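Structure at a glance
Below, each chain spelled out in residue letters.
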Amino acid sequence: AQSVAQPEDQVNVAEGNPLTVKCTYSVSGNPYLFWYVQYPNRGLQFLLKYITGDNLVKGSYGFEAEFNKSQTSFHLKKPSALVSDSALYFCAVRDSLDSGNTPLVFGKGTRLSVIA
Amino acid sequence: EPEVTQTPSHQVTQMGQEVILRCVPISNHLYFYWYRQILGQKVEFLVSFYNNEISEKSEIFDDQFSVERPDGSNFTLKIRSTKLEDSAMYFCASLRTSGYNEQFFGPGTRLTVL
C-alpha cells in the first residue's frame, strides 16, 4: 500500500529566504504526487503535481517541487518565502497501478511559518 | 473559478444523534470523495462515489456512514449515530475525470460531537 511521510511538523523560515517542505513516499508502481495547501478556515488548495516527465514541476504562487526517484522524495520549494505563504502543507500520492480515480493518500501535513 | 462548497461550516451534535453533511461538487465533475481530518492528524480517505454508487471505501466507513447523491448537484455524508471519535473536519472533494487530474476540495465541515 502507498504511504507518504512528511518528517517535519513545523518549518520556520524568515521572509525572503528560500523554503523547503519535505515529503517522501512509498508506492508499488510509479507515483503520482501532489502538493496541497490549507489556509485557516479554507479547504485544501491544489498547488502542483508530478505525473511524468521533467523532475522539476512548477505550480501556483511561485512554488515548485522536485521529484527524486532514487530518494523517493518530492520536496516542495520556493526561492523566496512570503509571510502570506504561512499555512499547512500536505503532500499526497496515488499509485500508477491503481485506477485513475482512486483516493489520494496524504501525509500528516507540515505547518509553515514565515516570519517577517 | 468553480469550487466545491460544503455546509454547514461547523456542526455541533450530541453523541448518538444523526448528522448530514452536505457538499456541492463542481458541476461537470464525475467522481466524488469524502475525507476526514481528526485534529492534529493526517487527512484520511472515507469513501469515493461514481455513477451513483460507492466505488471504494476505507475501514473507517462502517455501517454508521452512508453517502447519497439525492439530486444532480448535492453529495451528502450521513452519520447515523455519532460517536465522540467522529469529531473531525470532513472534506468533500470532486474529480472531473479519472487519470492524472487533481482533486478539488471544499472548505470542510467541522463536526464536534459532545
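**A closer look at the overall build of chain A**
- Looking only at helices and strands, one finds zero helices and 12 strands in chain A.
- Secondary structure elements of chain A occur, N-terminal to C-terminal, as β-β-β-β-β-β-β-β-β-β-β-β.
- Scaling as 2.2 N^0.38, a compact globule of 116 residues should have a C-alpha radius of gyration of about 13 Å, and chain A matches this with 14 Å.
- Each principal axis of the C-alpha atoms in chain A carries an extent, and together these give about 45 × 30 × 25 Å.
- The buried share among the 116 residues of chain A stands at 50%.
- Across chain A, the fraction of contacts at a sequence separation of at least 24, relative to all contacts at a separation of at least 6, is 57%.
- When the accessible surface of chain A is totalled, it reaches about 5200 Å², and 49% of it is carbon and sulfur.
- Distance between charge centroids for chain A: 3 Å, based on 10 positive and 9 negative side chains.

**Quick look at unusual backbone geometry**
- Geometrically, the link from Thr7 of chain B to Pro8 of chain B is a cis peptide bond, its omega value of -10 degrees lying close to zero.
- By secondary structure assignment, the location of Pro8 of chain B is in the loop between strand 1 (5-7) and strand 2 (10-13).
- In this structure, Thr72 of chain A takes a positive phi of about 45 degrees despite not being glycine.
- Tracing the chain through its elements places Thr72 of chain A in the loop between strand 8 (64-68) and strand 9 (73-78).
- Thr72 of chain A gets classed as partly exposed once you look at its relative accessible area, which sits at 30%.

**Let's talk about the nonpolar core**
- By size, the foremost hydrophobic cluster in this structure holds 28 residues, and its most contacted members are Trp35, Leu47, Leu48, Phe74, Leu76 and Tyr89 of chain A.
- The contacts of Tyr89 of chain A, once residues within four sequence positions are left out, are Gln6, Trp35, Tyr36, Val37, Leu47, Phe63, Leu76, Gly109, Thr110 and Leu112 of chain A.
- Formed by 23 residues, the second largest nonpolar core is a distinct cluster that contains Val19, Val47, Leu77 and Ala88 of chain B.

**Some remarks on the side chain of Ser94 of chain B**
Residue and element names in this part refer to chain B.
- Looking at the secondary structure, you find Ser94 in strand 9 (residues 88-95).
- Of note is the side chain of Ser94, whose polar atom sits 2.7 Å from the side chain of His29.
- If sequence neighbours within four positions are ignored, Ser94 has contacts with Val4, Pro25, Ile26, His29, Tyr31, Phe32, Tyr33, Glu102, Gln103 and Phe104.

Conventions used here
- Residues numbered from 1 in each chain as written.
- Chains lettered and ligands numbered in written order.
- Predicted model: local features only at pLDDT ≥ 70, side-chain atom pairs only at ≥ 80, totals over all residues.
- Heavy atoms only, no water.
- Helix = DSSP H or I, 4+ residues; strand = E, 2+ residues; numbered from the N terminus.
- Rg over C-alpha atoms; globule rule 2.2 N^0.38 Å.
- Buried < 20%, exposed > 50% of the residue type's maximum accessible area, 1.4 Å probe, protein only.
- Contact = heavy atoms within 4.5 Å.
- Areas by Shrake-Rupley, 256 points an atom, 1.4 Å probe, with all protein chains shown as cover.
- Lys, Arg positive; Asp, Glu negative; His and termini not counted.
- Charge placed at Lys NZ, Arg CZ, Asp CG, Glu CD.
- Core = buried A, V, L, I, M, F, W, Y, C linked by side-chain atoms within 4.5 Å.
- Polar contact = N/O pair within 3.5 Å; in protein donor to acceptor, adjacent residues only side chain to side chain.

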